[in-house]
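Single-letter residue listing:
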Amino acid sequence: MFDSTADPLDGKPCADCGVPLQSFELARRSGYDPNGPLWQPTILTRLFGFTTSIDIHVYDVAQEDTDGLGAAIAAGYTKNNDLRGLIFLAKDLDYNLRVDILAFAFAIYIADTTRFLASPLSYIAVGRERSKPARQGPGHLAWHILWSCGRKTSSATFDLEFF
Ligand SMILES: [Zn+2]
């Protein structure tokens, strides 16, 4: 678990995009929503808090059903015709890969909705090999989300396949 209270970058603008980096500790000290996901106890539960907040449901998928992929992102509709996000996450990933892929899938969902919904089956697969760290777009957003949740990762960008 990193201690970002000691991180000199906390609160400073990101070198790539200029958006300030903000740890969950800094957020908590700065009037953050008392019911917000950053009060959750772990990186994974903080991410689940984010996905739940916009009605994305996350399901585990057994290794034999993943075709070697890390995750799949899909959209469905509720009984009331509201759009609902679905993320199917490979169960056999180790913790760090699991949180990185989940953050990336979440970022695709919120930052790349148009491209995602334009995909013929509204279905995107996420590989499990890291790509070069993105300096913009969903991979960079995922990196920021993870940073806020308490994880510094080398890259939160993964290959995508559209279906
Ligand atoms: Zn940035």
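This report concerns the structure included in the present document. Here the structure is a predicted model, which means the values were calculated and not measured. (Residues numbered from 1 in each chain as written. Predicted model: local features only at pLDDT ≥ 70, side-chain atom pairs only at ≥ 80, totals over all residues. Heavy atoms only, no water.)

Structural notes on the packing of aromatic side chains
And then number 1: Taken as a whole, this structure holds 3 aromatic pairs when the rule is applied.
And then number 2: Look at Phe-50 and Phe-106: their rings are 6.1 Å apart centre to centre, the planes differ by 35 degrees, and that puts the pair in the tilted class. Of this pair, Phe-50 sits in helix H2 (residues 43-53) while Phe-106 sits in helix H3 (residues 95-111); the two residues are 56 residues apart in sequence, bridging distant segments of the chain.
And then number 3: According to the relative accessible area criterion, Phe-106 is buried, its value standing at 6%.
And then number 4: A centroid spacing of 5.6 Å and a plane angle of 20 degrees characterise the contact between Tyr-59 and Phe-88, whose relative ring orientation is stacked. Taken together, the residues Tyr-59 in strand S1 (residues 56-61) and Phe-88 in strand S3 (residues 83-90) connect sequence positions 29 residues apart.
And then number 5: On the basis of relative accessible area, Tyr-59 is assigned to the partly exposed category, the value being 38%. (Phe/Tyr/Trp six-rings, centres within 6.5 Å; stacked < 30°, edge-to-face > 60°. Helix = DSSP H or I, 4+ residues; strand = E, 2+ residues; numbered from the N terminus. Buried < 20%, exposed > 50% of the residue type's maximum accessible area, 1.4 Å probe, protein only.)

Structural notes on the coordination of the zinc ion
And then number 1: Taken together, Cys-14 (SG), Cys-17 (SG), His-140 (NE2) and His-144 (NE2) make up the full set of protein donors to the zinc ion, lying 1.9 to 2.3 Å away.
And then number 2: Between the 4 donor atoms coordinating the zinc ion, the angles at the centre fall across 102 to 115 degrees, so the site counts as tetrahedral.
And then number 3: Linear spacing of the donor residues for the zinc ion on their chain is C-x2-C-x122-H-x3-H. Here Cys-17 is found in the segment before helix H1 (24-29), whereas its partner His-144 is found in helix H5 (residues 137-149), with 127 residues between them in sequence.
And then number 4: What makes Cys-17 partly exposed here is its relative accessible area of 35%. (Donors = N, O, S within 2.8 Å, 3.2 Å for Na, K, Ca; no water. Tetrahedral: all angles 85-135°; square planar, octahedral: opposite > 155°, others 65-115°.)

Digging into the pattern of salt bridges
And then number 1: In this structure the tally under the stated criterion is 7 salt bridges.
And then number 2: Between Lys-152 and Asp-7 there is a salt bridge; the shortest N-O distance is 1.8 Å. Linking Lys-152 in the loop between H5 and strand S5 (158-162) with Asp-7 in the segment before H1, this pair joins segments that are 145 residues apart in sequence.
And then number 3: Its relative accessible area of 41% is what places Lys-152 among the partly exposed residues.
And then number 4: You can call Asp-7 buried: its relative accessible area is 12%.
And then number 5: Between Asp-60 and Arg-98 there is a salt bridge, and its shortest N-O distance comes to 2.8 Å. In this pair, Asp-60 is assigned in strand S1 and Arg-98 in helix H3, connecting sequence segments 38 residues apart.
And then number 6: Accessibility expressed as a relative area gives 12% for Arg-98, which makes it buried.
And then number 7: Three or more residues joined by partner-sharing salt bridges are found here, namely Asp-100, Arg-130 and Arg-151. (Salt bridge = Lys/Arg side-chain N within 4 Å of Asp/Glu carboxyl O.)

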